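# An overview of the molecular structure
These are the residues of each chain, in order.
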Amino acid sequence: MKVKITDLALRDAHQSLLATRMRTEDMLPIAPLMDEIGYWSVEMWGGATFDTCLRFLKEDPWERITLLKKSMPNTPFQMLLRGQNIVGYRHYSDDIVEKFVEKAFARGIEVFRIFDALNDPRNMQTAMRSVKKCGGVVEAAISYTISPVHNIQSYVKTARRLQEMGADTLCIKDMAGLISPLNAYELVKQLREETALPIHFHSHTTSGMALASSFKAVEAGCEIVDTAISSMSMGTSHSPTETVVAMLKGTEYDTGLDLRKLAEISEYFKEIRKKYKAFESEMTAIDTDVLIYQIPGGMMSNLAAQLKEAKKEDKRQEVFEEIPRVKADLGHIPLVTPTSQIVGTQATLNVITGERYKMVTNETKNLVRGLYGKTPAEIRPEIRRKIIGDEVPITVRPADLLEPEFQKLSKEVAEYARSEEDVLSYALFPQVAIEYFKERNMNEKGLNLKDLAAIAALYMRSTEKKIEPKAGGKDADLWVGAARRDAMNGGGWII
Ligand code: CO
């Protein structure tokens, strides 16, 4: 059986290596060549890209799909969808999930890889149903972790349930690169025997096992393998595409992909990557800490930053030791967004306050309250009491408690939103989206650098005079007018 390849360069690879900073303009030039390769899919959206586009790159994430699709009409686009968390960090109401999927599909996403951090299928059901309704491919994912309550039987049980719920393909999502080659073999073999679903294997090269694990997964009957073009591979990223292609060449698993064309693509990303040097992850080689503490690569760099901010860098080791304990306390939850952030922050607090669960974040409380879904194992009662006292956790599907919110949010953001997509961006990241919309309005007024400098100058002088600056909305016009007049009078500053 021929093995199919999904390339992750445009999403997970730069999320893992370059803090998700790759811009659409750097993807477009290579898109036509990538379109010629014959990938099963190209993952280019979802995960942290949505947030980063709005927050840091000041790009419209929706436009990225449209622009790329024009240059890659023949390759199915794939996104990573965090179930009821969509591409955010909390649960959203069903109508937002439905609308999000509908719009993403309309723009060109075909394969929706849907996962839940706790592997609670109830958190995936609305997203799965919405994808089905549009006619997209439902790729249901199992978040892979190692714990006393996770084993092949438990994964098979989850997979069967996902099959009943309408999955078209099944992804083994090994976000930390923990799966060993023989475990991958056994897991794929069992899943093949007990479900009818094609298996898609996703791993990270953090610990160095991913290439061997991918190969054993293929041997056990896995049909689709995730890779990243070599210049965007390894470290916290993924197995190199060319290596996997070469490894399977001339065998019954031959991918049929052209190594020369792949080399050309690799050359392109090698150059582009230099532009993002400032965002390079420190984990570009093999990191065996992941094998001991099970901390995904992205989480490690976040933690390092958090500790630095708190001037507690010397506590790194203690925090690393605390993470698996918090993970176990909270019901052996897999560590992936958003649980990796919840556990990482809580473990840090436990260490730097000197007393476990003395300070507890709202997210930890909500997790214990059941608001993120059912944890793989019971949360230890004494820990639960310490965190939420006598409060009784919910047992229903968390989103059942959420009122529809799309209409309400549409009204709230009416001044800025130009499309339903804008409303969705606002629903997911309210403040960040508003800032982005304001900036978009400014840019479209045709302001050049000189204008902006003049505005800045005027702003600075007005604050000196203690005049309340009012930017945004209709007031922006007044500001632009005033700034231009000011500039003509010689007030323009160079910034
Ligand atoms: Co990943």
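Note that residues are indexed from 1 along each chain, following the sequence as it is written. With the structure being a predicted model, the display of local features is reserved for residues of pLDDT at least 70 and the display and counting of side-chain atom pairs for 80 or more, all residues being used for whole-chain, interface and lining totals. In computing side-chain values, all of the structure's heavy atoms are included and hydrogens and water are not.

Here the focus is the confidence of the model for the chain. pLDDT: the predictor's confidence for each residue, scored from 0 to 100. For the chain, the average pLDDT comes to 91, and 89% of its residues sit at 70 or higher. Between two residues, a contact is recorded if the distance between any of their heavy atoms is within 4.5 Å. Low confidence marks residues 465-476, where pLDDT is under 50. Its contacts with residues over four positions away, or in another chain, come to 15 contacts. A low-confidence stretch, residues 491-495 stays under pLDDT 50, and its non-local contacts, those more than four residues away or across chains, total 15 contacts.

Aromatic ring pairs are defined here through the distance separating the ring centres and the angle between the ring planes. When the centres of two rings from Phe, Tyr and Trp lie within 6.5 Å, Trp using its six-membered ring, the rings pair. Their planes under 30 degrees apart give stacked, over 60 give edge-to-face, and anything left gives tilted. Following the criterion strictly, the structure yields twelve aromatic pairs and no others. Ring centres of Phe50 and Phe100 lie 5.8 Å apart, and the angle between their planes is 55°; on these two criteria the pair is classed as tilted. Taken as a pair, Phe50 in helix H4 (residues 49-57) and Phe100 in helix H6 (residues 94-107) lie far apart in primary sequence, 50 residues in all. The residues Phe50 and Phe100 share a single accessibility class, namely buried. Ring-pair connections join several aromatic residues into one group, and the members of that group are Trp45, Phe50, Trp62, Tyr89, Phe100 and Phe429. Put simply, a charge is over a ring when the Lys NZ or the Arg CZ is close to the ring centre, within 6 Å, and near the line of the ring normal, within 35 degrees. The ring of Phe77 has Lys69 sitting right over it, with the charged end atom 4.1 Å from the ring centre. Elements are defined by DSSP. Helices are runs of H or I of four residues or more, strands are runs of E of two residues or more, and each kind is numbered from the N terminus. Summary of the burial criterion: residues with accessible area below 20% of their type's maximum are buried, those above 50% are exposed, and those between are partly exposed, where the area comes from a 1.4 Å probe applied to protein chains only.

In spatial order, the strands read S1-S2-S3-S4-S5-S6-S7-S8; together these eight strands close into a barrel with parallel pairing. Recorded for the sheet is a direction-independent mean angle of 30° between the axes of neighbouring strands. One ladder, built from five bridges, connects strand S6 (residues 169-174) with strand S7 (residues 199-203); its direction is parallel. Each residue of the ladder has a partner; that of Leu170, found in S7, is Ile199. Working convention: axes come from line fits to C-alpha atoms, limited for helices to the stretch in contact. Angles between N-to-C directions cover 0 to 180 degrees. Taken strand by strand, helix H10 (residues 210-219) contacts S7 and strand S8 (224-227), and its axis lies near 170° from that of S7. For two strands to be treated as a pair, DSSP must find at least two bridges joining them.

Our next topic: the coordination of the cobalt ion. Keep in mind that water is not among the atoms, so a site may look incomplete; donors are the N, O and S atoms within 2.8 Å of the metal, or 3.2 Å for Na, K and Ca. Ligation of the cobalt ion by protein atoms is provided by Asp12 (OD), His202 (NE2) and His204 (NE2), these donors lying 2.0 to 2.1 Å from the ion. In the primary sequence, the donor residues of the cobalt ion line up as D-x189-H-x1-H. Just as His202 is buried, His204 falls in that class too.

Moving on: the layout of surface pockets. Here a cavity means grid points, on a 1 Å grid over the protein atoms only, where a 1.4 Å probe fits yet cannot get out; a pocket means an open set of points with protein on both sides within 12 Å along at least five of seven lines; lining residues are those with an atom within 4 Å of a point. Grid points are joined across faces, edges and corners, and a volume is the space filled by probe spheres set on the points. The computed volume of the second largest pocket comes to approximately 430 Å³. Contributing to the lining of the second largest pocket are 15 residues, with Asn119, Pro121, Ser154, Lys157 and Thr158 lying nearest its centre. Of the residues assigned to the lining of the second largest pocket, the class counts are five nonpolar, five polar and five charged. Following the grouping adopted for this structure description, the nonpolar residues are Ala, Val, Leu, Ile, Met, Phe, Trp, Tyr, Cys and Pro, the charged ones are Asp, Glu, Lys and Arg, and the polar ones are all others, Gly among them.

In this section: helix H8 (residues 152-164). Between the first and last C-alpha of H8 there are 18 Å, a value that for 13 residues agrees with the 18 Å anticipated at 1.5 Å per step. By the burial criterion, the buried members of H8 are Tyr155, Val156, Thr158, Ala159 and Leu162. In an axial view of H8, the angular spread of the buried residues amounts to 160°, which keeps them on one side of the axis. Away from its buried face, by an angle of more than 90 degrees, H8 presents the exposed residues Gln153, Lys157 and Glu164. Where the residues of H8 are buried, they touch helix H7 (125-134), strand S5 (137-143), S6 and helix H9 (181-194). A distance of 3.1 Å separates the backbone nitrogen of Gln153 from a side-chain oxygen at the start of H8, and that oxygen is part of Asn151. To estimate how far a helix should reach, multiply one less than its number of residues by 1.5 Å. By construction, the arc corresponds to the directions joining the helix axis to the C-beta atoms. Residues adjacent in sequence count toward polar contacts only when both atoms are side-chain atoms; beyond that, a polar contact is any pair of N or O atoms within 3.5 Å, and within protein one must be able to donate a hydrogen and the other to accept it.

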